[in-house]
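Structural overview for review
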Number of protein chains: 4
Amino acid sequence: MTRKIAILGASGYTGAELARLIATHPELEVAALSGDRKAGMEMAEVFPHLGDLALPRLARIEDLDLSALDLAFCALPHATSQAVIKALPRDLKVVDLSADFRLRDPSDYETWYGKPHAAPELQKEAVYGLTEFYRAQIRTARLVAGTGCNAAAGQYALRPLLEAGVIDPDRIVIDLKAGVSGAGRALKENLLHAELSEGTHPYATGGTHRHLGEFDQEFSAIAGRPVRVQFTPHLVPMNRGILATVYVDGDPEAVHRTLSARYRDELFLRVLPFGATPSTRHVRGSNFVHIGVVGDRVPGRAIVVAALDNLAKGSSGQAIQNANLMLGLAESAGLMLAPVFP
Amino acid sequence: MTRKIAILGASGYTGAELARLIATHPELEVAALSGDRKAGMEMAEVFPHLGDLALPRLARIEDLDLSALDLAFCALPHATSQAVIKALPRDLKVVDLSADFRLRDPSDYETWYGKPHAAPELQKEAVYGLTEFYRAQIRTARLVAGTGCNAAAGQYALRPLLEAGVIDPDRIVIDLKAGVSGAGRALKENLLHAELSEGTHPYATGGTHRHLGEFDQEFSAIAGRPVRVQFTPHLVPMNRGILATVYVDGDPEAVHRTLSARYRDELFLRVLPFGATPSTRHVRGSNFVHIGVVGDRVPGRAIVVAALDNLAKGSSGQAIQNANLMLGLAESAGLMLAPVFP
Amino acid sequence: MTRKIAILGASGYTGAELARLIATHPELEVAALSGDRKAGMEMAEVFPHLGDLALPRLARIEDLDLSALDLAFCALPHATSQAVIKALPRDLKVVDLSADFRLRDPSDYETWYGKPHAAPELQKEAVYGLTEFYRAQIRTARLVAGTGCNAAAGQYALRPLLEAGVIDPDRIVIDLKAGVSGAGRALKENLLHAELSEGTHPYATGGTHRHLGEFDQEFSAIAGRPVRVQFTPHLVPMNRGILATVYVDGDPEAVHRTLSARYRDELFLRVLPFGATPSTRHVRGSNFVHIGVVGDRVPGRAIVVAALDNLAKGSSGQAIQNANLMLGLAESAGLMLAPVFP
Amino acid sequence: MTRKIAILGASGYTGAELARLIATHPELEVAALSGDRKAGMEMAEVFPHLGDLALPRLARIEDLDLSALDLAFCALPHATSQAVIKALPRDLKVVDLSADFRLRDPSDYETWYGKPHAAPELQKEAVYGLTEFYRAQIRTARLVAGTGCNAAAGQYALRPLLEAGVIDPDRIVIDLKAGVSGAGRALKENLLHAELSEGTHPYATGGTHRHLGEFDQEFSAIAGRPVRVQFTPHLVPMNRGILATVYVDGDPEAVHRTLSARYRDELFLRVLPFGATPSTRHVRGSNFVHIGVVGDRVPGRAIVVAALDNLAKGSSGQAIQNANLMLGLAESAGLMLAPVFP
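Everything numeric in this text was worked out from a predicted model, so none of it was measured.

Parameters at a glance
Residues numbered from 1 in each chain as written. Chains lettered and ligands numbered in written order. Predicted model: local features only at pLDDT ≥ 70, side-chain atom pairs only at ≥ 80, totals over all residues. Helix = DSSP H or I, 4+ residues; strand = E, 2+ residues; numbered from the N terminus. Rg over C-alpha atoms; globule rule 2.2 N^0.38 Å. Buried ≥ 20, exposed ≤ 12 C-beta atoms within 10 Å, placed from the backbone. Contact = placed C-beta atoms within 7 Å. Least-squares fit on C-alpha atoms with pLDDT ≥ 70 in both. Axes fitted to C-alpha atoms, helices over the stretch in contact; angles between N-to-C directions. Parallel < 35°, antiparallel > 145°, perpendicular 65-115°, else oblique. Nonpolar A, V, L, I, M, F, W, Y, C, P; charged D, E, K, R; others polar. Domains from an automatic or database assignment. Pairing = 2+ DSSP bridges. Core = buried A, V, L, I, M, F, W, Y, C linked by C-beta atoms within 7 Å. Expected span 1.5 Å × (residues − 1). Bend = angle between axes of the 7 residues up to and from the residue. Left-handed = near helix turned anticlockwise from the far one by under 90°. pLDDT = per-residue confidence, 0-100. Arc of directions from axis to C-beta.

On to the overall build of chain A, then. If you tally the helices and strands in chain A, you get 11 helices and 14 strands. Its C-alpha radius of gyration of 19 Å places chain A within 12% of the 20 Å reference for a compact globule of 342 residues. Overall size of chain A, expressed as C-alpha extent along the three principal axes, is 60 × 45 × 40 Å. Expressed as a percentage of the 342 residues in chain A, the buried residues total 63%. When contacts within chain A are restricted to residue pairs at least 6 apart in sequence, those whose partners lie at least 24 apart make up 69%.

Written out as structure tokens, the structure is:
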């Protein structure tokens with residue numbers, strides 16, 4: 001039986017990626033698309049690469065008939081999302097791809113996003129969408145909050161290690177390299193081809209990146225005491241992909257063993273043989289995560305490298321994986337697309 | 001019922017693309033993989049992006065059990081292909097992705113490839129694999145010869161126009177821009193990132209590119225007299241994609257009308273509204289072709305622009321489309337993947 | 001003796017390229033910089049790559065002391081330029097890099113730019129800045145109009161051929177591939193890295209690109225009758241470079257001989273051996289132009305390929321070459337930088 | 001007075017970069033070029049971008065007249081270099097760009113390069129070529145060993161901090177992002193455009209990269225006891241540039257103050273204001289190094305980011321800077337080219 005879904009905020013990259021992935025999903029059908037500034041346009045005008053799919057015209061949210069829907073994906077900008085979701089029918093299942101419901105604590109939200117949350121009651125209700133770690137809650141959730149794409153990469157590398165206590169929580173450095181699509185379709189000078197290509201640079205340095213709020217919330221909960229990682233994201237000239245190089249204090253073999261054991265049965269998470277490292281190009285366009293562990297020459301230190309596609313497993317793929325669970329479908333439905341290389 | 005197929009020559013880009021596309025094909029299963037120099041290796045070692053798929057180990061062709069197969073895709077280098085296919089069981093259906101069986105006339109083959117053909121009897125039997133124009137023959141063929149990727153792009157732009165007689169066959173210029181994956185995984189200096197990126201240059205200029213053999217054969221047959229197009233391919237710094245900008249003498253509206261009428265019912269071929277032009281990024285990773293027609297300010301001259309993905313619709317996607325027909329499956333089975341953008 | 005110059009409109013790419021090139025010019029000194037919206041800022045804030053040079057702070061034009069200057073480069077947007085130059089001291093030499101003074105005929109200007117010219121008397125005075133063809137007039141000019149970058153590439157390929165009458169003026173196709181810096185630093189969606197990289201597409205098709213006004217003006221003057229070329233520009237994913245592939249009716253050897261003879265003594269223009277073709281990467285960052293001629297297999301047809309760097313020889317390098325002539329300096333002063341490869 | 005130099009091994013990227021930089025050097029002239037496998041060829045055939053320069057034909061080293069030379073740059077592969085330099089006239093000044101003379105201790109050499117050194121007596125004589133730290137010795141040296149490009153980036157970030165004792169030598173992580181030209185013009189599958197572009201991956205992980213030999217030698221000498229840094233290089237899809245992100249334990253303000261004080265009078269080294277970080281694109285093609293310091297949110301930890309161009313300041317620019325000193329020329333002669341952006 002086909003489930004009807006809406007994509008609210010379909011004119012951004014994560015909205016387009018949802019449409020791309022659902023195109024070959026056996027049980028989901030895009031029944032409604034919203035895009036306020038582009039209301040009235042065909043999706044093919046906004047994203048010509050989607051012009052070969054049968055998709056509804058973009059509309060304003062208030063003009064959509066949401067009554068017949070099984071689930072809404074909300075790919076709206078941060079802050080907009082909370083207002084929109086608050087106004088949706090209470091019985092409509094929602095997967096939110098914005099940052100609005102990732103942090104459970106209202107004061108954490110205010111700290112990282114600079115203003116009070118507009119829907120703190122929903123904040124409480126929302127389940128954090130890192131599928132492999134919140135599977136049971138997601139299955140029964142009404143509202144699931146998609147994780148930050150960088151936050152996902154860092155957590156896949158670190159959660160089992162903190163849980164198992166095989167690394168020192170006070171000596172964690174996440175050096176992350178991100179493709180440009182993570183910054184969205186915004187018109188910013190530093191995202192121009194002429195500015196960005198042929199160069200690499202860090203941004204949001206020194207502990208200012210908002211995904212740190214997620215790391216703090218999750219890692220501290222696991223460790224049972226405050227954990228504050230170091231995190232430096234870099235923009236590299238590629239469109240898709242996140243590579244998180246994570247430096248930890250811990251026995252490399254124990255680190256590898258712990259990750260391998262934890263992810264043995266996870267379809268989308270693959271731990272490479274000890275000493276092998278992943279590349280973003282080998283997960284491009286897919287829902288897979290490749291994780292490598294290397295022992296440093298400095299005894300007692302290990303390097304964990306995690307690679308994923310920020311638009312797929314980092315946001316829209318994860319969102320569909322969660323939606324599958326919420327709708328009682330096979331978790332991997334529509335997500336077995338192989339990576340696109342070269 | 002699942003059909004079992006082999007990919008002979010699975011260590012190149014077209015072989016890998018076949019594996020990628022078949023991963024979500026509902027009725028094909030990769031039962032055998034060959035790769036002579038890499039025999040014994042797992043596909044994940046040769047192409048790490050395929051490591052999440054269940055695929056057989058690479059073997060030498062002579063060690064494969066071909067008896068239980070429904071069809072073999074032959075993605076071997078030019079010249080190797082004819083020897084291998086000659087030795088295959090006579091009742092095994094074959095889709096060849098090399099250049100070996102594209103030209104029907106042995107002397108044409110010798111002209112363009114510089115030596116006599118080793119299997120002229122198969123050359124006679126082979127059906128030219130431009131699906132939308134050889135559909136009936138492909139359905140009943142034993143051996144189908146995949147077209148050149150550039151040749152496909154040029155023919156989609158021109159065949160209906162030559163058939164309808166709306167353009168002058170003596171004034172055709174095909175200026176083509178090609179991504180680098182079309183050159184394969186060969187170790188050549190000009191294919192290095194440091195050499196190729198951030199630059200554009202023509203190659204095989206002046207009528208020396210081998211795909212001209214296909215243009216000559218096909219266009220002359222349509223026109224009923226020799227047609228010799230001008231063709232200049234260029235290498236541009238992108239991985240996938242072909243953009244053919246075709247300059248013709250003919251009434252632009254008639255050109256647009258003719259192409260639109262001919263392709264109206266073709267699932268994978270889309271003619272854009274008059275005056276709109278396509279971009280390679282909007283077909284990337286997919287089996288779709290986008291075609292635009294523009295009227296030049298010089299009266300009586302039109303420009304046809306065709307965009308396709310050289311690895312998908314230009315070779316491996318086309319090969320699967322043909323295999324679907326040969327096996328009695330739905331022509332589009334496994335090929336409805338949406339383009340990957342950004 | 002050092003000559004003092006100003007760069008008006010120093011916050012765009014051509015302004016920055018002027019500053020870069022002048023950094024090693026033995027006789028020019030940047031004495032003033034304007035940038036209205038960025039007035040008050042250091043150049044290092046606007047263009048961090050220029051932070052190692054000693055440059056004046058950006059100011060508003062009206063706050064600059066122009067009295068002690070020898071020459072002003074005007075790198076302002078089209079239309080703004082004519083108003084600013086009109087208001088400059090009458091005895092200040094000016095090299096304008098905008099499109100405002102390229103067309104001599106006010107009605108041509110209105111045709112291509114959509115509104116009447118605001119300084120038609122200056123339009124008459126301005127010398128067209130294609131150095132190798134207007135050298136004598138440039139030497140004594142007060143106002144020189146830099147050419148369009150695409151217009152320069154096309155003219156280097158074609159002018160001597162039209163002058164010598166070795167090609168048919170009614171059968172000229174210019175298929176051009178351009179890097180993205182030619183579009184400037186404007187915030188446009190199609191110039192984003194995620195949109196532009198990994199793809200190729202045509203733009204301003206069918207005879208609508210404004211540089212056609214220059215082609216028409218110049219080629220018609222040479223031929224002594226109207227010449228209307230076909231011109232299709234394409235955007236390719238590279239930052240710098242223009243490759244013009246020009247299809248002509250004419251004897252290939254005569255075409256090569258004519259270009260070779262005409263450019264034999266031109267320092268910056270190099271005609272490659274017959275049959276060789278250029279690449280944009282081999283002129284990147286330099287003032288050199290490489291030109292190749294190929295004979296097509298269709299008798300009587302030739303292909304001329306010209307490569308230049310749009311920011312250097314296509315605008316700022318050309319501007320300095322002209323300024324050198326206007327100031328009585330060696331024409332090549334400051335322009336002998338070798339291309340940057342890889 | 002012009003000094004005559006040779007470039008031995010001129011067919012690689014560092015050889016070509018030497019030729020490019022010397023093209024505008026006021027006092028150096030390329031009098032001889034060697035390239036064994038390409039002996040007899042014009043440089044324009046090997047590197048078309050250098051075809052506009054007047055350069056001697058490539059020859060075999062044994063066929064060169066070295067008697068009239070003032071200095072030889074040796075841009076040969078590792079291991080070849082030591083044999084060639086051993087055979088050069090004892091009074092010829094040499095700047096070696098290979099790894100052969102970077103390590104002073106023969107057993108260190110054997111450890112990192114896997115075989116005994118063939119010219120240990122020269123090893124002893126060679127001066128380590130990190131100009132700003134070995135200036136006095138370089139001035140009087142006969143043989144200077146150019147540093148590794150990654151080693152240069154890491155040392156600019158760290159040397160003054162170790163000298164001043166403001167960081168903990170046992171907690172240093174260097175996460176480095178490198179452009180592909182650092183790997184040279186070798187035909188390796190992972191350097192192909194189709195393989196490398198649109199992806200990021202680590203290499204030589206876990207303490208196996210040979211530049212660690214240099215870090216160990218230099219940092220241990222400064223600290224007066226063994227220092228073993230952690231070092232993970234990554235290949236990112238750009239041609240030029242190294243970005244070293246260095247994580248240290250130390251007071252961020254003290255770190256910034258120390259670096260600023262040390263480099264205040266260094267022409268080519270610029271420390272950005274506290275909190276600002278550099279980008280590789282802003283030093284591309286130049287001899288400049290940009291260094292930024294950020295304080296982490298974790299108290300007592302700082303991040304130092306250094307950016308340089310691997311072919312320029314990281315090898316050929318550094319080599320010319322050293323040659324200038326050895327020849328009694330101005331240290332910056334020929335090296336004031338501004339970065340090329342975009």
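Glancing now at the relation of the copies chain C and chain A. Note that the two copies of the chain are related through a rotation about an axis and a translation along the same axis. In the superposition of chain C on chain A (RMSD 0.0 Å, axial shift 0.0 Å), the rotation amounts to 180°. When the rotation and shift are considered jointly, the pair of chain copies conforms to a two-fold rotation axis. Of the interface residues in chain C, 100% have counterparts in chain A that sit at the interface too, so the contact is made through matching surfaces.

Attention now moves to the packing of helix H7 (residues 149–164) of chain B against helix H11 (residues 312–326) of chain B. All names here are of chain B. Relative to each other, H7 and H11 sit at 100°, their axes nearing to 8 Å. Compared by their axis directions, H7 and H11 come out roughly perpendicular. Seen from H7, the contacting residues are Cys-149, Ala-152 and Ala-153; seen from H11, they are Lys-313, Gly-314, Ser-315 and Gln-318. Along the lines of polarity and charge, the residues of the contact of H7 with H11 split into three nonpolar, three polar and one charged.

So, about the domain arrangement of chain A. Residues and elements named next belong to chain A. The domain architecture assigned to chain A consists of domain 1 (3–147 + 313–326) and domain 2 (150–309). A straight line from the C-alpha centre of domain 1 to that of domain 2 covers 24 Å. Each partner contributes residues to the interface: domain 1 has 18 residues there, and domain 2 has 20 residues. Listed by contribution, the elements that provide at least two residues to the side of domain 1 that touches domain 2 are helix H4 (106–113), helix H6 (131–140) and helix H11 (312–326). Here the side of domain 1 that touches domain 2 takes five residues from H11, the largest share from any one element. Residue classes in the side of domain 1 that touches domain 2 are distributed as seven nonpolar, six polar and five charged.

Time to look at the pairing of strand S8 (residues 172–178) of chain A. All names here are of chain A. In terms of residue burial, S8 counts as a mostly covered element, since seven of its seven residues are buried. In S8, alternate side chains face the same way, and those of Ile-172, Ile-174, Leu-176 and Ala-178 on one face and Val-173, Asp-175 and Lys-177 on the other are all buried. Two strands pair when backbone bridges link them, and S8 and strand S11 (residues 242–249) are joined in this way by seven bridges, in the antiparallel orientation. If you follow Lys-177 over to S11, its bridge partner there is Leu-243. Where S8 meets strand S10 (residues 230–235), six bridges bridge the pair, whose relative direction is parallel.

Nonpolar side chains tend toward joint burial in soluble globular proteins. Judged by nonpolar contacts, the single largest core of 455 residues is most densely connected at Phe-73 of chain A, Phe-73 of chain B, Phe-73 of chain C together with Phe-73 of chain D. When neighbours within four sequence positions are excluded, Phe-73 of chain C is seen to be in contact with Ile-5, Ala-6, Ile-7, Leu-8, Leu-18, Val-95, Leu-97 and Ala-319 of chain C.

Backbone geometry follows two general trends: most residues other than glycine have a negative phi, and most peptide bonds adopt the trans configuration. Residue and element names in this part refer to chain A. Here the bond from Phe-341 into Pro-342 is cis, since omega is -5°, no more than 30 degrees from zero. Summarising the element assignment, Pro-342 is placed in the segment after H11. The phi dihedral of Glu-198 falls on the positive side, at around 60°, and the residue is not glycine. Locating Glu-198 in the fold gives a position in the loop between helix H8 (193–196) and strand S9 (201–202).

A few words on the interface of chain A and chain D. By a widespread convention, an interface's size corresponds to the accessible area lost as its parts come together. The interface of chain A with chain D comprises 39 residues on the first partner and 39 residues on the second. Elements that contribute at least two residues to the side of chain A that touches chain D include exactly S8, H8, S9, S10, S11, strand S13 (289–295) and strand S14 (301–308) of chain A. When the residues that make up the side of chain A that touches chain D are grouped by side-chain class, the tally is 14 nonpolar, 16 polar and nine charged.

Residue and element names in this part refer to chain B. With 15 residues, H11 extends just 18 Å between its outermost C-alpha atoms, more than 12% less than the 21 Å of an ideal straight helix rising 1.5 Å per residue. At Gln-318, H11 shows its strongest bend, of approximately 40°. H11 sits mainly inside the fold: 15 of its 15 residues count as buried. Where H11 ends, the next residue or the one after it, Gly-328, has phi of about 75°, a positive value.

Quick look at the sheet that holds S10 of chain A now. Spatial ordering of the open sheet is given by S9-S10-S8-S11-S14-S13-S12 (chain A), a layout of seven strands whose pairing is mixed. Looking at strand neighbours, the two that pair on one side only are S9 and strand S12 (269–271) of chain A, the edges of this open sheet.

All names here are of chain B. At a minimum axis separation of 9 Å, helix H1 (residues 13–22) and H11 run at an interaxial angle of 55°. One element, H1, and the other, H11, form an angle in the oblique class. Of the two possible hands of crossing, H1 and H11 adopt the one that is right-handed. Contacts from Thr-14, Glu-17, Leu-18 and Leu-21 of H1 reach H11 at Ala-312, Ser-315, Ser-316, Gly-317, Ala-319 and Ile-320. Of the residues in the contact of H1 with H11, the class split is five nonpolar, four polar and one charged.

All names here are of chain B. Read from one edge of the open sheet, seven strands run S9-S10-S8-S11-S14-S13-S12, paired in mixed fashion. Two strands in the sheet have a free side with no partner beyond their single neighbour: strand S9 (201–202) and strand S12 (269–271). Across six bridges, the pairing between strand S13 (residues 289–295) and strand S14 (residues 301–308) is antiparallel. Among the inter-strand pairings, Val-293 is bridged to a residue of S14, identified as Val-304. On top of the sheet, helix H10 (residues 252–263) reaches strand S8 (167–178), strand S11 (242–250), S12, S13 and S14; it is set at about 160° to S13, its chief contact.

Here the focus is the environment of Ala-152 of chain C. Residues and elements named next belong to chain C. Here Ala-152 shows up in helix H7 (residues 149–164). Note on Ala-152: 27 C-beta atoms within 10 Å, which makes it buried. Distance from Ala-152 to Phe-215, taken between C-alpha atoms, is 9.1 Å for residues 63 residues apart in sequence. With residues up to four places along the chain from it excluded, the contact list for Ala-152 reads Leu-130, Thr-147, Leu-308, Lys-313, Gly-314 and Gln-318.

Looking now at the confidence of the model for chain A. With 100% of its residues at a pLDDT of 70 or more, chain A has an overall mean of 97. Confidence estimates for the predicted assembly give a pTM of 0.97 and an ipTM of 0.97.

All names here are of chain D. Compared with an ideal rise of 1.5 Å per residue, which puts 12 residues at 16 Å, helix H10 (residues 252–263) spans 17 Å between its outermost C-alpha atoms and is within 8% of the ideal. Taken residue by residue, H10 has Pro-252, Val-255, His-256, Thr-258 and Leu-259 as its buried positions. Down the axis, H10 shows its buried residues gathered within 165° of arc, on one side only. Contacts from the buried residues of H10 go to helix H7 (149–164), strand S11 (242–249), strand S12 (269–271), strand S13 (289–295) and strand S14 (301–308).

Residue and element names in this part refer to chain B. With nine of 12 residues buried, S8 lies mostly within the body of the structure. With eight bridges joining them, S8 and S11 adopt antiparallel strand pairing. Within S11, the position partnered with Ile-172 by the bridge is Val-248. Bridge count between S8 and strand S10 (residues 230–235): six bridges; the pairing is parallel. Looking at S10, one finds that Val-173 is bridged to Gln-230.

Position of Arg-301 of chain C among the secondary structure elements: in strand S14 (residues 301–308). For Arg-301 of chain C, a count of 24 C-beta atoms within 10 Å corresponds to the buried category. With residues up to four places along the chain from it excluded, the contact list for Arg-301 of chain C reads Gln-230 of chain B together with Asp-249 and Asp-296 of chain C.

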